[in-house]
Amino acid sequence: MRISNRLNFALPLLVLCVATPALAQEGNARGPIGESPYDIVSGWHKPFQEPGFAFGGNSGVWAESPDRIIIAQRGETMLPQPVPEDFPGFAGALGINVLREADRRVWQNCLYVLNGDGEVVEVWDHLDYLCEGADGPGPHRVRISPYDPESRIWLINETFHQIYVIANDGSEVLAAYGEKGVSGNSETLFGRPQDVAFLPDGRILVADGLDNHRVIIYDNDMNYLGEFGGFGEGPGQFNTLHALGIGPDGLIFALDRSGGRVNVFQTTDDPAEVEFLREFPGLTLPLDIIVNEDDIWITDLRPLRFINFDFEGNYKYTWLVPPDLPDGYLEVHTFTVDSAGSLIGGDNQYGRSQKFVPKPNANPNLLIEPPWVAR
């Protein structure tokens, strides 16, 4: 296993390899901007496909443990022939953008499990029917509630307007919410849902994002309690709601992707209602979020970067993610951190996941911890 230090940002106006981060701005990236505290493990995600196919967009990634990482991908990518002998196994190496070249998408091997070395140890192809026939991107997120003793897997399928609850071993689908292929705006129908999050008291939040621009509040049995949000640019509204994160003291962080901001809410004594607190503006296309004890990390585009905010929306740190191959990214659509501190990011355009490990001399304050959990 080779650890790469290929974080060659090639930005003429910005010096990243400095001991103290500088207050700066590069495009829409604001300071303090510094070097990445991680190295990328080159070639970590090992190919397992049949000849002629490669990974699809890795839209959902969840590290249940350092040795069990669940991947939801948007099918596999059919490759042009012949494939070079040194092909590394992901379509982006051939100049294929798996998000844009959807005609190459084949709905197979949509869910699988990796070990800590990036090797496939389980393929749940018996669940491919959850994605087959989709005329859109299909699976969007995969999550597990930290409060669920059964560690059931939640898979969000935006194209079919459904959310599935799957047994932890992948053996069966335990529940399905929403009606397949039916976009709706009701207590039981979704319109291209994007994410799900879990409150410590058992309530479940659904980011019903692309069509309905709302967050729905359910109880532990998925009975409807209420909702908040709505389309618009006003306080607590959304353009496209893309991801959710939960913090201490009832804080809820919701990414407004096309609105370029984070909306912050807080729970109230009424389980059906939340209070809007503030927004963090100035983003481009925020994609995913991890909330820690007193701050948040998100990924954003243009330029692609990880951004660290405190709970008041102040910038704490930013590091840029280069597109250069072999180790670059076009889009960190989702990211997860395991209990050992390794970060794994799913690329929805190059088509793969990569593992980041802390540099030996990394400042621990710059490392992303696993998501906050009430104790």
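Check the entry above for the structure.
Residues numbered from 1 in each chain as written. Predicted model: local features only at pLDDT ≥ 70, side-chain atom pairs only at ≥ 80, totals over all residues. Heavy atoms only, no water.

## Digging into the overall build of the protein
Per the secondary structure count, the protein includes zero helices and 30 strands. A globule of 375 residues ought to have a C-alpha radius of gyration of about 21 Å, and the protein, at 20 Å, matches this closely. The principal-axis extent of the C-alpha atoms belonging to the protein is close to 55 × 50 × 35 Å. Taking all 375 residues of the protein together, the buried fraction comes to 59%. For the protein, the share of sequence-separated contacts (at least 6 apart) that also reach a separation of at least 24 residues comes to 53%. Carbon and sulfur atoms provide 48% of the accessible area of the protein, an area that totals close to 14,900 Å². The positive charge centre, built from 26 side chains, and the negative charge centre, built from 53, are 6 Å apart in the protein. (Helix = DSSP H or I, 4+ residues; strand = E, 2+ residues; numbered from the N terminus. Rg over C-alpha atoms; globule rule 2.2 N^0.38 Å. Buried < 20%, exposed > 50% of the residue type's maximum accessible area, 1.4 Å probe, protein only. Contact = heavy atoms within 4.5 Å. Areas by Shrake-Rupley, 256 points an atom, 1.4 Å probe, with all protein chains shown as cover. Lys, Arg positive; Asp, Glu negative; His and termini not counted. Charge placed at Lys NZ, Arg CZ, Asp CG, Glu CD.)

## Concerning the sheet that holds strand S7 (residues 68–73)
Taking strand neighbours across the sheet as the criterion, the four strands line up as S6-S7-S10-S11 in an open arrangement whose pairing is antiparallel. Each edge of the open sheet carries a strand with a single partner, namely strand S6 (58–65) and strand S11 (120–123). Here the strands of the sheet are splayed against their neighbours by 25 degrees on average, with no regard to which way each runs. With four bridges connecting them, S7 and strand S10 (residues 111–114) associate as antiparallel partners. Opposite Ile69, over in S10, you have Leu114 as the bridge partner. (Pairing = 2+ DSSP bridges. Axes fitted to C-alpha atoms, helices over the stretch in contact; angles between N-to-C directions.)

## Considering the environment of Phe190
When you line up the elements, Phe190 lands in the loop between strand S15 (173–177) and strand S16 (195–198). A relative accessible area of 1% means that Phe190 is categorised as buried. Taking C-alpha positions, Phe190 is 7.6 Å from Asn212, a pair spaced 22 residues apart along the chain. In this view, Phe190 contacts His161, Ile163, Tyr177, Gly178, Val182, Ser183, Gly184, Val206, Asp208, Asn212, Ile216 and Tyr218; residues no more than four positions away in its chain are not counted.

## Comments concerning the pattern of salt bridges
Here the structure, examined in full by the defined rule, presents 17 salt bridges. Note that Arg68 and Glu122 form a salt bridge whose closest N and O atoms lie 4.0 Å from each other. Here the residue Arg68 occupies a position in strand S7, and Glu122 occupies one in strand S11, the gap between them amounting to 54 residues. With a relative accessible area of 15%, Arg68 lands in the buried category. Linking Arg192 and Asp211 is a salt bridge whose minimum nitrogen-to-oxygen distance equals 2.9 Å. (Salt bridge = Lys/Arg side-chain N within 4 Å of Asp/Glu carboxyl O.)

## What about empty space enclosed by the protein?
Counted by the stated rule, this structure contains one cavity of 30 Å³ or more. Lining the largest cavity are Gly56, Gly57, Arg74, Glu76, Thr77, Val98, Leu99, Glu101, Arg104, Arg105 and Asn348. Of the residues contributing to the lining of the largest cavity, the split by class is two nonpolar, four polar and five charged. (1 Å grid on protein atoms, 1.4 Å probe; cavity = no way out; pocket = protein on both sides within 12 Å on 5 of 7 lines; lining within 4 Å. Points joined across faces, edges and corners; volume = space filled by probe spheres on them. Nonpolar A, V, L, I, M, F, W, Y, C, P; charged D, E, K, R; others polar.)

## Some thoughts on the packing of aromatic side chains
Centre-to-centre distance and the angle between the planes together describe a pair of aromatic rings. Tallying each qualifying case throughout the model produces 20 aromatic pairs. Measuring from ring centre to ring centre gives 5.2 Å for Phe253 and Phe311, while their planes differ by 40 degrees; the resulting arrangement is tilted. Placement of Phe253 in strand S21 (residues 251–256) and of Phe311 in the loop between strand S26 (305–310) and strand S27 (315–320) is noted, with a sequence separation of 58 residues between them. Taken individually, Phe253 and Phe311 each receive the classification buried, so the pair is uniform in this respect. (Phe/Tyr/Trp six-rings, centres within 6.5 Å; stacked < 30°, edge-to-face > 60°.)

## Thoughts on the sheet that holds strand S9 (residues 105–106)
Read from one edge to the other, the open sheet built from three strands follows the order S5-S8-S9, with strand pairing classed as antiparallel. The open sheet has two free edges, formed respectively by strand S5 (53–55) and S9, since each of these has just one partner strand. Where strand S8 (residues 76–78) lies against S9, two bridges are found, and the strand directions are antiparallel. Within S9, the residue paired with Glu76 across the bridge is Val106.

## Some details on unusual backbone geometry
Cis geometry marks the peptide bond from Gly31 to Pro32; its omega dihedral reads 5 degrees. Within the element layout of this structure, Pro32 appears in the loop between strand S3 (29–30) and strand S4 (38–42). That bond from Arg302 to Pro303 is cis: its omega, -5 degrees, falls within 30 degrees of zero. Relative to the elements of secondary structure, Pro303 occurs in the loop between strand S25 (295–300) and S26. Even without glycine at this site, Ser151 takes up a positive phi of about 50 degrees. Inspection of the secondary structure assignment puts Ser151 in the loop between strand S12 (139–144) and strand S13 (153–157). Phi is positive for His161, close to 60 degrees, though the residue is something other than glycine. Checked against the element boundaries, His161 lands in the loop between S13 and strand S14 (162–166).

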